[in-house]
Amino acid sequence: AGKLQRPALEAHYRDRLDELYAALEAGRVGELHQLRVEGAAADPRETLARAVQATLGIAASDVKHDSRFIDIGGDSLAALNLSNLLQDIYDFEVPVGTIIDPASNLDQLAGRIARQLESRYQQPTFTSVHGDAVDRLSAADLTLAAFIDDRTLSAVSGLQPSRSDSERVLLTGATGFLGRRLAIDLLRRAAASGSRVVCIARGADADHARQRIESGLDTDPQLISEFRSLSASLEVIAGDMSEPRLGIGQETWDKLAQSVDRIVHVGAHVNHVLPYRQLFAPNVVGTAELVRLALSSKLKPIDYISTVGVLMFAGPNVDEDTDVRIDIPTA
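Anyway, here's the lowdown on the structure attached to this text. Computed from a prediction, not measured in an experiment: that's the story for all the values here.

Attention shifts here to the overall build of the protein. A count of helices and strands for the protein gives 14 helices and five strands. In terms of its C-alpha atoms, the protein occupies a principal-axis envelope of roughly 80 × 45 × 45 Å. The buried share of the protein, taken over its 331 residues, is 42%. Restricting the contact set of the protein to residue pairs at least 6 apart, pairs at least 24 apart contribute 70%. Surface exposure of the protein reaches about 18200 Å², of which carbon and sulfur atoms provide 51%. Taken as two groups, the 34 positive and 46 negative side-chain charges of the protein have centres that lie 3 Å from each other.

Overall, the coordinates contain 17 salt bridges when judged by the stated rule. Here glutamate 31 ties to arginine 50 by a salt bridge, and the two come within 2.8 Å at their closest N and O atoms. Of this pair, glutamate 31 sits in helix H1 (residues 6-38) while arginine 50 sits in helix H2 (residues 44-56), and the two are 19 residues apart along the sequence. Overall, the relative accessible area of 17% leaves arginine 50 in the buried class. Here the salt bridges share partners, and the residues they tie into one network are Glu31, Glu38 and Arg50.

Let us look at the pairing of strand E2 (residues 197-201). It is a general feature of regular strands that their side chains alternate between the two faces of the sheet. A large share of E2 lies buried, amounting to five of its five residues. The alternating pattern of E2 places Val197, Cys199 and Ala201 on one face and Val198 and Ile200 on the opposite face, and all of these are buried. Sheet topology note: the strand E1 (residues 169-172)/E2 ladder contains four bridges and is parallel. Across the sheet, residue valine 169 finds its bridge partner in E2, namely valine 197. For the segment spanning E1, helix H9 (residues 177-193) and E2, crossover handedness is right-handed. Examined bridge by bridge, E2 and strand E3 (residues 234-238) share five bridges and lie parallel to one another. What sits directly across from isoleucine 200, in E3, is isoleucine 237.

Looking now at the packing of helix H12 (residues 250-259) against helix H13 (residues 276-294). The geometry of H12 relative to H13 is characterised by a closest axis approach of 9 Å and an angle of 60 degrees between their N-to-C directions. By the angle between their directions, the pair H12 and H13 is classed as oblique. Mapping the contact onto sequence places Trp253, Leu256 and Ala257 in H12 and Glu289, Arg292 and Leu293 in H13. Its residues assigned to classes, the contact of H12 with H13 shows four nonpolar, no polar and two charged.

With that settled, the discussion passes to the packing of aromatic side chains. What the rule picks out here adds up to five aromatic pairs. A ring pair is formed by tyrosine 90 and phenylalanine 92, whose centres lie 5.6 Å apart and whose planes are at 20 degrees; its orientation type is stacked. Following the ring pairs from residue to residue traces out a cluster consisting of Phe126, Phe147, Tyr276 and Phe280. Residue placement shows arginine 181 over the ring face of phenylalanine 177; its charged tip is 4.5 Å from the ring centre.

On to the packing of H2 against helix H5 (residues 106-118). For the pair H2 and H5, the least separation of the axes is 9 Å and the interaxial angle reads 125 degrees. With respect to H5, the axis of H2 lies oblique. In terms of crossing hand, the pair formed by H2 and H5 is right-handed. Contact with H2, carried on its side by Pro44, Arg45, Leu48 and Val52, involves Leu106, Asp107, Leu109, Ala110, Ile113, Ala114 and Leu117 of H5 and no other residues of that element. Here the contact of H2 with H5 is composed, by residue class, of nine nonpolar, no polar and two charged.

The rules behind the values
- Here the residue numbering is sequential within each chain, running from 1 through the sequence in written order.
- A pLDDT threshold of at least 70 governs which residues receive local features in this predicted model, and a stricter bar of 80 or more applies before side-chain atom pairs are shown or counted, although totals over entire chains, interfaces and linings include all residues.
- Excluding hydrogens and water, the side-chain values take into account all heavy atoms of the structure.
- Secondary structure elements are defined from DSSP: runs of H or I of at least 4 residues count as helices, runs of E of at least 2 residues count as strands, and each element is numbered from the N terminus.
- Partly exposed residues are those whose accessible area sits between 20% and 50% of the maximum for their type, while under 20% is buried and over 50% is exposed, using a 1.4 Å probe and protein chains only.
- Whether two residues are in contact is decided by their heavy atoms: any pair within 4.5 Å suffices.
- Here the accessible surface of atoms and residues is derived via Shrake-Rupley with a 1.4 Å probe, and residues count as covered only by protein chains that are part of the display.
- Charge assignment in this entry is limited to Lys and Arg as positive and Asp and Glu as negative, and neither His nor the chain termini are counted.
- To locate a charge, take NZ of a lysine, CZ of an arginine, CG of an aspartate or CD of a glutamate.
- Here, a salt bridge means any Lys or Arg side-chain nitrogen found within 4 Å of an Asp or Glu carboxyl oxygen.
- When DSSP locates at least two bridges between a pair of strands, those strands are taken to pair.
- Assignment of crossover handedness uses the view with strands pointing away from the viewer, where a clockwise path from the first strand over the helix to the second indicates a right-handed crossover.
- Lines fitted to C-alpha atoms define the axes, with helix axes restricted to the stretch in contact, and inter-axis angles between N-to-C directions lie between 0 and 180 degrees.
- What sets the label is the angle itself: under 35 degrees gives roughly parallel, over 145 gives roughly antiparallel, 65 to 115 gives roughly perpendicular, and the rest give oblique.
- For this classification, Asp, Glu, Lys and Arg are treated as charged, while Ala, Val, Leu, Ile, Met, Phe, Trp, Tyr, Cys and Pro are nonpolar and the rest, including Gly, are polar.
- Ring pairs shown here join Phe, Tyr and Trp side chains whose ring centres sit within 6.5 Å, with only the six-membered ring taken for Trp; geometry is labelled stacked below 30 degrees between planes, edge-to-face above 60, and tilted in between.
- To sit over a ring, a charge needs its Lys NZ or Arg CZ within 6 Å of the ring centre and within 35 degrees of the ring normal.
- In a left-handed crossing the near helix is turned counterclockwise from the far helix by less than a right angle, and in a right-handed crossing that turn is clockwise.

Pasting the structure below:
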């Protein structure tokens, strides 16, 4: 702090502090090794708590099951380290976006890990689609067969397109800047036609998910008032784009597959610092899951809206009709 006695303090305590720091680092390395060896066999809540403690370098008493990762010192970089550690332990990916999700706490994150351990469905991963050690990514890897099961694809030829005078629309990304305004517009149309809008948003339950949508509108009294006046045409489902079946369960999935007539996909985890590998689950697999939903029970059109960030390396000639496999074959 620029105090005159600082050099004397450093000289007096340096050796003891160096020993303390070395002991702390040795203990942390030992804990990380132990987690990688035995963590998968323990209760996910216990393993996650130990992993968070080791990643953030905090005391066990600071890690509560109802804590959010971002509230106990976690940030995007720490979440990336935790994501890599959990992948070493469980041999499947837990995305950074899921770890720092403001609508999720450590107990819910442990529940997600438990469901993944119990699930027979193996969700596509960056490695299963692009391979393990790749220097360049190929757009040709992004095929339907890489994401959607053979049974669903083989049944497509026998499906009829959705036909409805009053479309039931499924909307993702309603908590975002554009999504919340699209929600208002779709709700206006639904109210006029007697239809409904179904929004999937992250949350502990449907009420929490609805609160998150409303919180993006409550800074504008006119918008939030109109949203609430149109709420009779709205159904909100708590889900997660990075989870299998959008995190909504098989029964709800089947209901949506049969009742929804159109999908408007705006949702994405937008972060220009995280690598593509970490954005793969919510952005790529999540979109593929919506395609799978669109090909289930009946054929449904998808309106896909993406962030301008995808054009950073694409050049000036990319538009809605571009086939990225041809115009941007590698990255």
